[in-house]
Every structure is written in C-alpha cells, then in structure tokens.
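Below, each chain spelled out in residue letters.
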Amino acid sequence: MSEQNFDLVVLGAGSGGYAAALRAAELGLTVGLIEKGKVGGTCLHVGCIPTKALLHSAEIADHARDAARFGVQATLNGIDLGAVAQYRDSIVSSKWKGLQGLIKARGITTIEGEGRLTSPTTVQVGDVTVIGKNVVLATGSYSRTLPGLEIGGRVITSEQALNLDFVPRKALVLGGGVIGVEFSSVWKSWGADVQIIEALPHLVPNEDESVSKQFERAFRKRGIEFSLGVRFQSVTQDDQGVHVTLENGATFDGDILLVAVGRGPVTANLGYEEVGVAMDRGFVLTNERLQTNVPGVYAVGDIVPGLQLAHRGFLQGIFVAEEIAGLNPIRLEESTIPRVTYSDPEVASVGITEAKAKETYGDDQVVAYDYNLAGNGKSHILETSGSVKVVRVKDGPVVGVHMIGARVGELIGEAQLAVGWEAYPEDIAPYIHAHPTQNEALGEAFLALAGKPLHAI
C-alpha cells in the first residue's frame, strides 16, 4: 500500500473534473486527478466532440447533394464510414493529446484507475490511498435505458451508434431530445430513413414550444418521421431487424433501435453513500456552492441534478476550485447556461421560455418578439429558415433567447450575455451587428423590443 497527498483530489477527469483540476493548479493548489479511462471523459471521447464530427460529415453530404443549386457541379457517391471514423478519431486524438499536455504543464498528478471514496478525505485507487484536504466528485454519466429494455444486438446506445460500420437502411430512435435528434439528423443526411419515438408531446421538448413546433416542421420537411405523445412498450429483434411496439399498439420496424432517453449519474458502488454523501436517485445532492453534506467534499457535472452539459461541468469545476481556494466566486443561475442542439436545423437557447416567464412574472408582464430568419440576408444566402425569439419582462430585462436555424449555435454567446447581465433591449439596441451576418437577426429582435425595429414590422 502506498499513499499520495494533495490539497485537492478530483475523482473523474471529464469536463467538470479536469476543469476543477486545471483551475485549482492555476491557483497554486496541488492536485491529484483520478481517472479510470481517458482524461476528457464522455464529452471528448464518446460525446460532444465525436458526435459533432459526424454532424459535420452529414452537413458536407447535404452540401454535395444540393451543390448544383449553388452552381457547383458535384455528386454524392456514398458515405465511407471508415474515412468518417478516421476523420472523427483524428480530431478526438488531437484534443486528447492537447489536454494531456495541458494537465502535465500545470503540474497535476494523474492517477490511473478506478477510485472509490473511502472517507471525506481519501480515495482508494487499487493499492494507492490518495489523500486530499478537499475532494471533488466528478464521475460523470452513462447512457440510460428504460426498465425492461435491454441494450444489446440491434438495440444500441449513442456510444455504439458512434461506431456503427454501416449506414442503417432504417433507424428507429427512442427519444426526441438532444441526442436522439442529433443522430437522426446525421443518419438522414447519410441517406437513411429515420423514425423517432418520443413520449412527450414535442421533439426537443425542453425548448420553447414555438421552437419545438418549428423544429418538427423542419424535420418533417427533411423526411424524418416521428411519433409523439405515445410511450414505448416493447422491442424484439431478429435477423431481419428490430420491431418496436408502442402502448397504443402502433408498431415500427427498422435495422437498429437507438435508445436515447437521457443519461444517468455514475455514482453506484463508488463509496459515496457509505461515506454519508446525501443522494437522490443516484444523483449527488449539493448546496448552491456545490458542497455536499459531507464537509470538504464537493460534486460537479452530470452527477449533480440539473442540465447535463459539458460546459456546465467546466463552469462548476472552475467554481469549486475557486471556492476551495477562498475566492468566493459568483454563483451563476442554471438558467444562464446556454444550450445548443447541433442537428439540422440547430437549436440554441438560454434563459427561460415564454411560458415560464409568464408563469413567473404574469401574462401581462411579459413581452416576446419572434424575428423570422427569412428577413436576414445571410440566412437567405445559407438557405436556412427559422427564427430568433427574445423574451423580456415588460419594461424590464431580457430573460430568454430561443433560436432555431442553421448555425444559430454561434449566436448564443451574445444571447447569454444579454440574459446573464439582465440587459434591457434598449441597452443593446445602440450596438451595431455586422452586415450581412446571422448575428443581425438577434440585433433585429432586440431593436424590435426596444421599440425601433429596422427590418421588421
């Protein structure tokens, strides 16, 4: 048995864990970073980065298919999944090497192996006892399934979907949230037929209802089929494919079934409960400073109830490192964290929906403006439809921005600043938005709410 001592021990080197480690080291703390797999976690290796590489491949396929309309002579001869995988893996490998170099440069000690919390100050990794004055739990998440729905064979999760060596003839997708619609978008662009099954009344159901309805119209126009408002009942599989039955008796057949019903916290059998950490359905409970009920133990990322987003993990990791270092960092509201769905079309939002705003402030105290991208020159050039919706309190600040259309994810930075700083549209109206850009659409919405629309009525 050996022993290692640090100011801070971080269990898990995904987005939240490595962010905490990097910031803590920057602040002069000694850090032990424990990871059983590869630093970078789900986001870098089987989540955000590789899936966006597939989505870019899908975008290129669509451009080749439609090139003649723009005066470019091109043909789409097929999808070489071996080459797609090579492209995807080269990006992941490059980012991984860069992250390893950054961790090493900051003087962080990486400890490989599966860690188990054994006391408020110790994590056991094999024969090594890692001791820290503070401990950060950052063990991430896994792909959930439904009770009685076993993963295997033709029933797959997003991790297996990433590595398929064929384009399915018809893909069934259980779940119309972010993961489900992103893979649906990829497969449709690659030439597959796609059927989404969503138990809630809308696709991307966490978004503003106006955005969800536009999204459904866009997917319908692309030929992506979906069933809404009816729950999954069962699935069987054989040599011919998968066969799904819904609770209303409807059936769907396909080559594969992607189960995309959300992600669960990786916390089981890691010693958390034995040490006394308060839990709820597998999630680690914290106060608003991300402290657990056990003194000196913090938690960040997907194991903390709330949005499961890599950049939320970054934010929380930085926050905790600064909290431990005594900097008393400013706590950010969950609603100010931006959200992007990278399908075609993209969806980007920050703040609260119009419905939530009315529930919070009253129907007569909320004003919303929906600017149609048809009036935006750059969007017309890109041949994308969609809208930018800004929600404000009457005579008050912007409390939500909700966007749909190609590349709108790139507009979320300004939207986050507006919501996070509680800006009034009148504050933003004097600022120029470069022409022709899609960013102008956001500017037009602010202008309209400030009472002086330019290209809108």
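It should be noted that the structure appears before, not after, this text.
Note that the structure is a prediction, hence the values are computed from the model and not measured.

A. Examining the sheet that holds strand 12 (residues 232-238) more closely. The antiparallel open sheet is built from three strands, whose spatial order is 12-13-14. Each having just a single partner strand, strand 12 and strand 14 (251-254) make up the two edges of the open sheet. Strand-to-strand, the axes of this sheet are offset by a mean angle of 15 degrees, without reference to chain direction. Two strands pair when backbone bridges link them, and strand 12 and strand 13 (residues 241-246) are joined in this way by six bridges, in the antiparallel orientation. Residue pairing across strands places V235 opposite V244, the latter belonging to strand 13.

B. Inspection of the nonpolar core at higher detail. Membership of the largest hydrophobic core comes to 47 residues, with the highest contact counts inside it found for L33 and L137. Of all hydrophobic cores here, the second largest spans 32 residues; its members include I196, V204, F226 and L258.

C. Spatial organisation of the sheet that holds strand 11 (residues 225-228). Reading across the sheet, the five strands line up as 8-15-9-10-11 and stay open at both edges, with parallel pairing between neighbours. Strands at the two margins of the open sheet, each flanked by one partner only, are strand 8 (155-156) and strand 11. Of the strand pairs in this sheet, strand 9 (residues 170-174) and strand 10 (residues 193-198) are connected by five bridges, and their pairing is parallel. By the bridge assignment for strand 10, L174 is matched with I197.

D. Representation of the packing of helix 12 (residues 412-420) against helix 14 (residues 439-449). Two elements in contact, helix 12 and helix 14, have axes separated by 10 Å at closest approach and are oriented at 30 degrees. For the element pair helix 12 / helix 14, the angle class is roughly parallel. Contacts between helix 12 and helix 14 pair E414, A415 and A418 from the former with N439, L442 and F446 from the latter.

E. Representation of the packing of helix 6 (residues 178-189) against helix 7 (residues 209-222) in the model. It is the contact of helix 6 with helix 7, at a shortest axis distance of 11 Å, that shows an interaxial angle of 25 degrees. Between helix 6 and helix 7, the angle is such that the two are roughly parallel. Handedness of the helix 6/helix 7 crossing: left-handed. Residues V181, S184, S185, K188 and S189 of helix 6 pack against F215, F219 and R222 of helix 7.

F. Layout of the side chain of S212. Residue position: S212 is located in helix 7. In this structure the side chain of S212 is engaged in a polar contact, spanning 3.2 Å, whose partner is the backbone oxygen of L203. In this structure S212 touches H202, L203, V204, P205 and E207, once residues within four positions along its chain are discounted.

G. Representation of the packing of aromatic side chains. This model, assessed by the stated rule, comprises three aromatic pairs. On the numbers, 5.6 Å between centres and 45 degrees between planes, the contact of F183 with W187 is tilted. With F183 and W187 both in helix 6 and four residues apart, this pair spans about one turn of that helix. Each member of the pair, F183 as well as W187, is classed as buried. Sitting over the ring of W96, K38 keeps its end group 4.7 Å from the ring centre.

About the cut-offs
- Residues numbered from 1 in each chain as written.
- Predicted model: local features only at pLDDT ≥ 70, side-chain atom pairs only at ≥ 80, totals over all residues.
- Heavy atoms only, no water.
- Pairing = 2+ DSSP bridges.
- Helix = DSSP H or I, 4+ residues; strand = E, 2+ residues; numbered from the N terminus.
- Axes fitted to C-alpha atoms, helices over the stretch in contact; angles between N-to-C directions.
- Core = buried A, V, L, I, M, F, W, Y, C linked by side-chain atoms within 4.5 Å.
- Buried < 20%, exposed > 50% of the residue type's maximum accessible area, 1.4 Å probe, protein only.
- Parallel < 35°, antiparallel > 145°, perpendicular 65-115°, else oblique.
- Contact = heavy atoms within 4.5 Å.
- Left-handed = near helix turned anticlockwise from the far one by under 90°.
- Polar contact = N/O pair within 3.5 Å; in protein donor to acceptor, adjacent residues only side chain to side chain.
- Phe/Tyr/Trp six-rings, centres within 6.5 Å; stacked < 30°, edge-to-face > 60°.
- Lys NZ or Arg CZ within 6 Å of the ring centre and 35° of its normal.

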